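Working through the structure, step by step
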Amino acid sequence: MNSLEKLLYLRGVAAEYLNYSGDRITVPTDVRLQLLAAMGHDVNDPEGVERAIYQLDALPWKCWLQPFTVVSAGAGGFVDIRVHPRDYAMPIDWRLQTEQGEEMAGQCVPAGMTEVGDYHLEGVRYSARRLELPPLPPGYHQLALWNQDTRVEAVLAACPPRCYQAGGRQRGPVAGISCQLYTLRSARNWGIGDFSDLEELIEYSAAAGLDIIGLNPLHAPDMSAADFASPYSPSDRRFLNPLYVDPTRVPDYGNSAEVASLLADPATRRRLAELQTSPLVDYSGVAALKFAVFDAMYRHFCAGEGDEPLGRTQAFDDFVSRGGAPLRAFSVHESQRSRLPLDSAAEPRFHQYLQWLAEEQLARCQALARVRGMKIGLLRDLAVGAVEEGAEVTTNRALFCSRASIGAPPDPLAPRGQDWNLPPPDPVALRADNFRHFIDLLRANMAHCGALRIDHVMGLWRLWWCLPGMDAGAYVFYPFEELLAILRLESHRNECAVIGEDLGVVPDELRVRMSATAVYGNRLLYFQRDPDQQFSAPQQHQADALLMVTNHDVATLAGWWNTTDLQLRSDCGALGDAQPLQASLAQRQEDKHRLLHWLQRLQLLPLAWEDPDAAISRQQPFDLGLCAAILRASARSSAELLLFQLDDLQLLEAPVNIPGTCREYPNWRRKQRRETASLFADPDIQALLTALVRERAQGRAKP
């Protein structure tokens, strides 16, 4: 192996991969070298390459222990100490202080410990010796090692073998509703679904016997961008979108004369009515209106009149203190990037105030879900990355590679591959930072929920790095076992179950590790097929998984059945050259036959659909009866978790998102057709939900 190949290996740049067809694809050497350059290496500098190899491969052997080490919680934990021959016979003292305050101490002699590896460096044979540890509770503990010449300190992350399980002790099959929060309608919101709308949805869902509310990412958007609609292209995944704040629930709203005056203005009232009645979310319009009110509320708060009820000022100060350096950096970034014509927007404290309000209201939602008896409550979503101009990347430049982008390799629908315009994290920098940023991300997104879905969970294993301006890229591998261990630890610390979005081409090894560590898989009903492409029997579904009937990346049930999704994709140029519209329509006809026969085998086919062939030949449109049958069949699934979209209860055809499009379709804007209260008051919807919950309660699967 030459030096460049060794550096490519140490940097995790893959030489090949299996594509969507299972073919082995070799990555051109020049592409791999350009990715090395994107990581900051000069591939034309042999001495620089050798220095990088030394730092990555050799240097760790010259220190007993790395500053952050993952170990197993409970019995059987150990650390491997890398020692110079001069230290073999010298006693090494150690002291371990647990996060809970317990102290343990001992002494070891490397010569008497099991050797588990070695490394030859500069004529010296370094040896790795295993130090068995006493049983450790889960947590981040401090370990010190020393002898007369050397002292080393490290953090030991003692991690449980499996993630926290959904519902805790209340295990069993559960069902719930998923929705994009911004799409919710109500008589009182300001043109975008907010946390009060979420509370309303929780109330109705819990009363119907549902246990989960699945949400889109709630991350802070880059509101200085021309288009900041996508929840999957945020400014910062550690913070919340202030547009979800309901200002009317904040004391500063009702107590401010300036707010009252602003909302009494006829022009403001007209604008509010326009935002409420629009079928699409007008993000810029909502932001302009809400931030004008937030500005007045903030100034009321800062004037000393905001401490009603008593203690709000102290609560805000405590929130800022808990947020620490990340919150301070985020708020400074937001104040410098804001384009809003408001004096307060230039103050970092204003953005801290908005984050405080958002967190308070989100916390109230999850608390309500638990009070109402929901086993899980909120299921949050963690996006795979953040935009380069946003706070997360800008305030952590050393952790990201701005000369590359996360994406996906070529496939039939995207023959040139996909570029998501999100800078990838640097695997080496993540470890050098003791995984601080990853831990912060998990803690922020596991707060105020019962479960977290990790979008593109394969990113813990490997990410496809694109080269900007080129139809080229390669997979780059990450310290998977360490990231997975930290995920398990934070899952328990936050009592938050974990779902990994593992749809599409995913290595089998990843799914094996997910199952072994209680990370739920993610399945979509459309793709639950037997080898002959028939829909799978519900009892054959993966048990340790979240089954989604539909989601934000695929057609709604009505759109799928009526084939409007195919026409839309064709009109937008997103269908792909490999399968023209007519071929796709013919394939869909076959799939519709399969769906009806699946329901027929389950004895769930509605009376109006009892002759599948006739129903399809006369192009019978989708209706609530067929929707109910599909949902009831899905409720029989072996999957422990089940979600169906609010969109499908309303027979919506237009999707909220068409992957692969940008300006061709108004992604991330389409609202629900009906207000939540009206929908849940509908007797037909009530009957549907009652039947679904009954199916779910009767067991995971019926033959």
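Residues numbered from 1 in each chain as written. Predicted model: local features only at pLDDT ≥ 70, side-chain atom pairs only at ≥ 80, totals over all residues. Heavy atoms only, no water.

**So, the overall build of the protein chain**
For the record, the criterion: A helix here means a DSSP run of H or I that spans at least four residues, while a strand means a run of E at least two residues long, and both kinds are numbered starting from the N terminus. Note that the radius of gyration is over C-alpha atoms, with the globule rule given as 2.2 Å times the number of residues to the power 0.38. Relative accessible area decides the class of each residue, using a 1.4 Å probe on protein chains only: under 20% of the type maximum gives buried, over 50% gives exposed, and in between gives partly exposed. Two residues form a contact once any of their heavy atoms are found within 4.5 Å. For the area figures, the Shrake-Rupley method with a 1.4 Å probe applies, and any residue is considered shielded solely by the protein chains shown. Working convention for charge: Lys and Arg count positive, Asp and Glu count negative, and His plus the chain ends are omitted. Taken as the charge centre is NZ of Lys, CZ of Arg, CG of Asp or CD of Glu, depending on the residue.
In terms of helices and strands, the protein chain carries 23 helices and 24 strands. In terms of C-alpha radius of gyration, the protein chain reaches 27 Å, essentially the compact-globule figure of 27 Å for 703 residues. Overall, the C-alpha framework of the protein chain stretches about 80 × 70 × 50 Å when taken along its three principal axes. For the protein chain, the residues scored as buried account for 56% of the 703 residues in total. Once local pairs closer than 6 in sequence are excluded, the contacts in the protein chain between residues at least 24 apart make up 71%. Accessible surface computed for the protein chain: about 28800 Å², of which carbon and sulfur atoms make up 51%. Within the protein chain, the 88 negative side-chain charges are centred at a point lying 3 Å from the centre of the 69 positive side-chain charges.

**What to know about the sheet that holds strand β6 (residues 103-108)**
Strand pairs in the sheet, formed through backbone hydrogen bonds, run parallel or antiparallel to each other. We apply this condition: Any two strands with at least two DSSP bridges between them are considered paired. A fitted line through C-alpha atoms serves as each axis, taken over the contacting stretch for helices, and the angle formed by two N-to-C directions is quoted from 0 to 180°.
Read from one edge to the other, the open sheet built from five strands follows the order β3-β10-β9-β5-β6, with strand pairing classed as mixed. Since the sheet does not close on itself, it has two edges, and those belong to β3 (68-72) and β6, each with one partner. Sheet twist, expressed as the average angle between the axes of neighbouring strands with direction ignored, equals 25°. In this sheet, strand β10 (residues 151-159) lies alongside strand β9 (residues 139-146) in antiparallel orientation, the contact comprising eight bridges. Within β10, the position partnered with Q142 by the bridge is V155.

**Examining the UniProt feature "domain: MalQ N-terminal beta-sandwich" (unreviewed entry) in the protein chain**
Put simply, the rule is: UniProt positions are given in the numbering used here, feature names are shortened, and annotations may be inferred rather than shown by experiment.
Mapped onto this numbering, the UniProt entry annotates "domain: MalQ N-terminal beta-sandwich" (unreviewed entry) at residues 65-160. The straight-line gap between the two end C-alpha atoms of residues 65-160 is 21 Å; of that span, 0% is helix and 58% is strand.

**Observations regarding the pairing of strand β15 (residues 377-382)**
Most of β15 is tucked away, with six of its six residues classed as buried. Taken together, the four bridges between β15 and strand β18 (residues 451-454) define a ladder with parallel strand orientation. Residue pairing for β18: L382 is matched across the bridge by I454.

**A closer look at the pattern of salt bridges**
Definition in use: Salt bridges, as used here, are contacts in which a Lys or Arg side-chain nitrogen is within 4 Å of a carboxyl oxygen on Asp or Glu.
On inspection of all chains with the given rule, the structure shows 46 salt bridges. Across the salt bridge formed by R397 and E388, the nearest N and O atoms sit 3.8 Å from each other. Using a relative accessible area of 42% as the deciding quantity, one classes R397 as partly exposed. A residue is classified by how much of its surface remains accessible, and E388, at 29% relative accessible area, is partly exposed. Residue R636 is joined to E695 by a salt bridge in which the shortest nitrogen-to-oxygen separation is 2.9 Å. Taken together, the residues R636 in the loop between α20 (624-635) and β24 (641-645) and E695 in helix α23 (residues 683-697) connect sequence positions 59 residues apart. Residues joined in a network through salt bridges with shared partners are E99, R443, E490 and R493.

**Quick word on the environment of M470**
Residue position: M470 is located in the loop between β19 (462-466) and β20 (473-477). On the accessibility criterion, M470 (34% relative accessible area) is partly exposed. Residues M470 and V31, 439 residues apart in the sequence, show an inter-C-alpha distance of 9.6 Å.

**Observations concerning the side chain of N396**
In this fold, N396 is placed in the loop between α11 (391-394) and β16 (405-408). A residue is classified by how much of its surface remains accessible, and N396, at 9% relative accessible area, is buried.

**Focus on the packing of helix α1 (residues 3-10) against helix α3 (residues 46-58)**
What describes two packed helices is the angle between their axes and the distance between those same axes. Put simply, the rule is: Note that the term roughly parallel is reserved for angles under 35 degrees, roughly antiparallel for angles over 145, roughly perpendicular for angles of 65 to 115, and oblique for everything else. We call a crossing left-handed when the near helix sits turned anticlockwise from the far one by less than a right angle, and right-handed when that turn is clockwise. Each residue is assigned to one of three groups, with Ala, Val, Leu, Ile, Met, Phe, Trp, Tyr, Cys and Pro labelled nonpolar, Asp, Glu, Lys and Arg labelled charged, and all others, Gly among them, labelled polar.
Where α1 meets α3, the closest approach of the two axes is 10 Å, and the angle between their N-to-C directions is 40°. By the angle between their directions, the pair α1 and α3 is classed as oblique. Crossing handedness for the pair α1 and α3: left-handed. Together, S3, L4, K6, L7 and L10 of α1 and V49, E50, A52, I53, L56 and D57 of α3 make up the contact between the two elements. A breakdown of the residues in the contact of α1 with α3 according to their chemical character gives seven nonpolar, one polar and three charged.

**Examining the packing of helix α13 (residues 436-446) against helix α14 (residues 480-493)**
Contact geometry of α13 with α14 gives a least axis separation of 10 Å together with a crossing angle of 35°. Pair α13 / α14 crosses with right-handed handedness. Contacts between α13 and α14 pair F438, I439, L442, R443 and M446 from the former with L483, I486, L487, E490, S491 and R493 from the latter. Looking at the contact of α13 with α14 residue by residue, the classes come out as seven nonpolar, one polar and three charged.

**Quick word on the domain arrangement of the protein chain**
The condition is simple: Throughout, the edges of the domains are those of an automatic or database domain assignment.
Each domain of the protein chain was delimited in the assignment, giving domain 1 (3-59), domain 2 (62-159) and domain 3 (183-370). The distance between the C-alpha centroids of domain 2 and domain 3 comes to 48 Å.

**With respect to the environment of P606**
The topology assignment puts P606 in the loop between α18 (581-601) and α19 (612-617). Judged by its relative accessible area of 17%, P606 falls in the buried class. Placed 20 residues apart in sequence, P606 and L626 show a C-alpha to C-alpha distance of 6.6 Å. Residue contacts for P606: discarding those within four places in its chain leaves G625, L626 and A629.

**Here we look at the sheet that holds strand β8 (residues 124-132)**
On the basis of which strands lie adjacent, the open sheet formed by three strands has the order β4-β8-β7 and antiparallel pairing. Of all strands in the sheet, those with a lone pairing partner are β4 (78-83) and β7 (115-121), marking the two edges. Strand-to-strand twist in this sheet, taken as the mean axis angle between neighbours without regard to direction, amounts to 25°. Across six bridges, β4 lies against β8 in antiparallel orientation. Within β8, the position partnered with V83 by the bridge is S127.

**A word on helix α10 (residues 348-371)**
Rule in force here: Any helix carries an expected span of 1.5 Å times its number of residues minus one.
With 24 residues, α10 extends 35 Å from end C-alpha to end C-alpha; this agrees with the ideal 34 Å at 1.5 Å per step. Note on α10: the residue one or two positions beyond its end, G373, has a positive phi of about 90°.

**Examining unusual backbone geometry**
Despite not being glycine, A518 shows a phi value in the positive range, around 65°. Mapped onto the elements, A518 comes out in the loop between α15 (508-516) and β22 (521-524). One non-glycine residue, W668, adopts positive backbone phi at about 65°. Mapping W668 onto the fold places it in the loop between α21 (646-649) and α22 (676-681).

**Some words on the packing of aromatic side chains**
Selection criterion: Aromatic pairs are defined between Phe, Tyr and Trp rings, using the six-membered ring for Trp, whenever the two ring centres lie within 6.5 Å; interplanar angles under 30 degrees are classed as stacked, those over 60 as edge-to-face, and all others as tilted.
Applying the stated criterion to the full structure yields 27 aromatic pairs. Taking 5.7 Å as the distance between ring centres and 80° as the angle between the ring planes, the aromatic pair formed by Y17 and Y475 counts as edge-to-face. Of this pair, Y17 sits in strand β1 (residues 16-18) while Y475 is found in strand β20, placing the two residues 458 residues apart along the sequence. There is no split in this pair, since Y17 and Y475 are both buried. Taking 5.3 Å as the distance between ring centres and 85° as the angle between the ring planes, the aromatic pair formed by W561 and W609 counts as edge-to-face. In this pair, W561 sits in helix α16 (residues 557-561) while W609 sits in the loop between α18 and α19, placing the two residues 48 residues apart along the sequence. A relative accessible area of 2% places W561 in the buried class. On the basis of relative accessible area, W609 is assigned to the buried category, the value being 1%. An aromatic cluster is built from F291, F294, Y298, F301, F316, F350, Y353 and W356, whose rings are joined through pairwise contacts.

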